[in-house]
Amino acid sequence: MPLVMTQRDPSTTRLHLLAMLFFGGLAFIILHAMLFHNGTHTAGYDVFNYHWNYWWIRHVSQTPGLNVYLNDFVFYPAMSTYGYHALAAFWYPVWAVIEPIAGRFTAFNVIIFIGCFLNGYVTFAFLRREGVAPALALIGGAALQALPIARYSYFNSHLNLMNWFWLPANLMLWAEAVRAARARSIRRAAYWAVIHGIALYGLSLCDHQFPIFTAFVLGPY
């Protein structure tokens, strides 16, 4: 029976730190065009849509009586849905902190950089947890981080669609909950179940496609 480690192996910590540097560097390479022009440039296409979304979320949070998802502004008294204008709300806290200080372009550059980094690193962490060799885990993380569909989302500021890290993250959280349940540790199983529930809520705040994507990987896993 393998020994259960109560402390993280220093070599494992070093490996993850090196992986963070690797995926941070790869994110810089992928996004260098906008990072070299930070403050005046950001990714195109949807940037102003999400800037408006975050302005709307902040406006609702500061104005009593408004609903972030519904309003009667257009065809009073009929209600109109503003669900599209609350997409990618998961990233709103980052925007709310950075935008008033450094401006909307910097806020979006930081959000896209974090999303790009997490796509690679969380995939690496999942693969390592599954016993994949470090070199192959790095390649796997880099592959997801630099996939054409991921880069398309970065470069077009699709903040709702770039969040592929949710898939490996939910697999890891589910595995921890199952491990605790099999060990008959009710308290630990409940803890991981709650964390997994929060993660599912977080991914649903990105785009409603992600719960569907997660079901397709979580079910077989």
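Check the entry above for the structure.
Residues numbered from 1 in each chain as written. Predicted model: local features only at pLDDT ≥ 70, side-chain atom pairs only at ≥ 80, totals over all residues. Heavy atoms only, no water.

### Some remarks on the overall build of the protein
Applied cut-off: Secondary structure follows DSSP: runs of H or I at least 4 residues long count as helices, runs of E at least 2 residues long count as strands, and numbering of each begins at the N terminus. The rule is simple: take the accessible area with a 1.4 Å probe, protein chains only, and divide by the maximum for that residue type; under 20% is buried, over 50% is exposed, in between is partly exposed. We call two residues in contact when some of their heavy atoms are within 4.5 Å. Using a 1.4 Å probe, accessible areas were evaluated by the Shrake-Rupley method; residue-level cover was limited to the displayed protein chains. Note on charges: Lys and Arg go in the positive column, Asp and Glu in the negative column, and His and the chain ends are not counted at all. The atoms used to mark charge sites are NZ of Lys, CZ of Arg, CG of Asp and CD of Glu.
What the protein contains, in helices and strands, is ten helices and two strands. Written out in order from the N terminus, the α and β elements of the protein read α-α-α-β-β-α-α-α-α-α-α-α. When its C-alpha atoms are laid out on the principal axes, the protein stretches across 65 × 45 × 30 Å. Split into buried and exposed, the 221 residues of the protein put 42% on the buried side. Within the protein, residue pairs in contact and separated by at least 24 positions form 70% of the contacts whose partners lie at least 6 positions apart. Carbon and sulfur atoms make up 69% of the accessible area of the protein, which amounts to about 12,600 Å² in all. Measuring between centres, the 12 positive side-chain charges of the protein sit 14 Å from its 7 negative side-chain charges.

### Describing the packing of helix H3 (residues 47–62) against helix H5 (residues 104–129)
Selection criterion: Axis definition: a line fit to C-alpha positions, over the contact stretch in the case of helices; interaxial angles, taken between N-to-C directions, run 0 to 180 degrees. In these notes the angle categories are as follows: under 35 degrees is roughly parallel, over 145 is roughly antiparallel, 65 to 115 is roughly perpendicular, and the rest is oblique. In the scheme used here, Gly and all other residues not listed as nonpolar or charged are polar, with Ala, Val, Leu, Ile, Met, Phe, Trp, Tyr, Cys and Pro taken as nonpolar and Asp, Glu, Lys and Arg as charged.
The geometry of H3 relative to H5 is characterised by a closest axis approach of 11 Å and an angle of 100° between their N-to-C directions. With respect to each other, H3 and H5 are oriented roughly perpendicular. Contacts between H3 and H5 involve Val47, Phe48, Tyr50, His51 and Tyr54 on the former and, on the latter, Arg104, Phe108 and Ile111. Residues that form the contact of H3 with H5 fall into these classes: six nonpolar, one polar and one charged.

### Describing the pattern of salt bridges
The line we're drawing: We count a salt bridge whenever a side-chain nitrogen from Lys or Arg sits within 4 Å of a carboxyl oxygen from Asp or Glu.
One pass over the structure, following the stated rule, counts four salt bridges. For Glu99, the salt bridge identified is with Arg58, shortest N-O distance 3.2 Å. One end of the pair, Glu99, is in helix H4 (residues 92–102); the other, Arg58, is in helix H3, with 41 residues separating them in the sequence. For Arg58, a relative accessible area of 22% gives the class partly exposed. The salt bridge involving Arg179 is made with Glu176; its shortest N-O contact spans 3.9 Å. In this pair, Arg179 and Glu176 are both assigned in helix H8 (residues 166–182), three residues apart and thus about one turn of the helix distant. Take Glu176: its relative accessible area is 17%, and that puts it in the buried class. Each of Arg129, Glu130, Glu176 and Arg179 takes part in a single network of salt bridges with overlapping partners.

### Quick look at the nonpolar core
Inside soluble globular proteins, nonpolar side chains tend to come together where they are buried. So the rule is basically this: The set of buried Ala, Val, Leu, Ile, Met, Phe, Trp, Tyr and Cys residues whose side-chain atoms join them within 4.5 Å is what this entry labels a nonpolar core.
Tyr54, Trp91, Ile112, Tyr154 and Leu159 are the most contacted members of the largest nonpolar core, which has 57 residues in total. For this core, the leading source of residues is H5, giving twelve residues. Once residues within four sequence positions are removed from consideration, Tyr54 is found in contact with Leu87, Ala88, Ala89, Trp91, Tyr92, Trp95, Phe108, Ile111 and Leu159.

### Some words on the packing of aromatic side chains
Our working rule: Stacked, edge-to-face and tilted labels apply to pairs of Phe, Tyr and Trp rings (six-membered ring for Trp) whose centres lie within 6.5 Å, assigned for plane angles under 30 degrees, over 60, and everything in between, in that order. Charge-over-ring placement is defined geometrically: NZ (Lys) or CZ (Arg) within 6 Å of the ring centre, and within 35 degrees of the ring normal.
Applying the stated rule across the entire model yields 23 aromatic pairs. Note on Phe28 and Phe36: the rings are 5.5 Å apart at their centroids and 85° apart in plane angle, and the pair reads as edge-to-face. Judged by its relative accessible area of 37%, Phe28 is partly exposed. Centroid distance Trp56 to Phe73: 6.0 Å. Interplanar angle 85°. Geometry classified as edge-to-face. Linking Trp56 in helix H3 with Phe73 in the loop between strand E1 (70–71) and strand E2 (80–81), this pair joins segments that are 17 residues apart in sequence. One aromatic cluster in this structure is built from Phe22, Phe23, Phe117, Tyr121 and Phe124. Just above the ring of Phe105 sits the side chain of Arg104; from NZ or CZ to the centre is 5.2 Å.

### Remarks on a nonpolar patch on the surface
Put simply, the rule is: Patch membership is restricted to residues that have no salt bridge and whose relative accessible area is over 30%. Joining uses 9 Å for like charges and 5 Å for the nonpolar side chains Val, Leu, Ile, Met, Phe, Trp and Tyr.
Taken together, the side chains of Tyr69, Leu70 and Met79 make up a nonpolar region of the molecular surface, amounting to roughly 290 Å² of accessible area. Topologically, Tyr69 is positioned in the loop between H3 and E1. For Tyr69, a relative accessible area of 39% puts it in the partly exposed group.

### A closer look at the packing of H8 against helix H10 (residues 209–218)
How we decide: In this scheme, a crossing is called left-handed if the near helix is turned counterclockwise away from the far one by less than a right angle; it is called right-handed if the turn is clockwise.
Close contact between H8 and H10 brings their axes to 10 Å; oriented N to C, the two are set at 50°. Taken together, the axes of H8 and H10 are oblique relative to one another. The two elements H8 and H10 meet at a crossing, and its hand is right-handed. Residues Leu167, Asn170, Leu171 and Trp174 of H8 pack against Phe213, Thr214, Val217 and Leu218 of H10.

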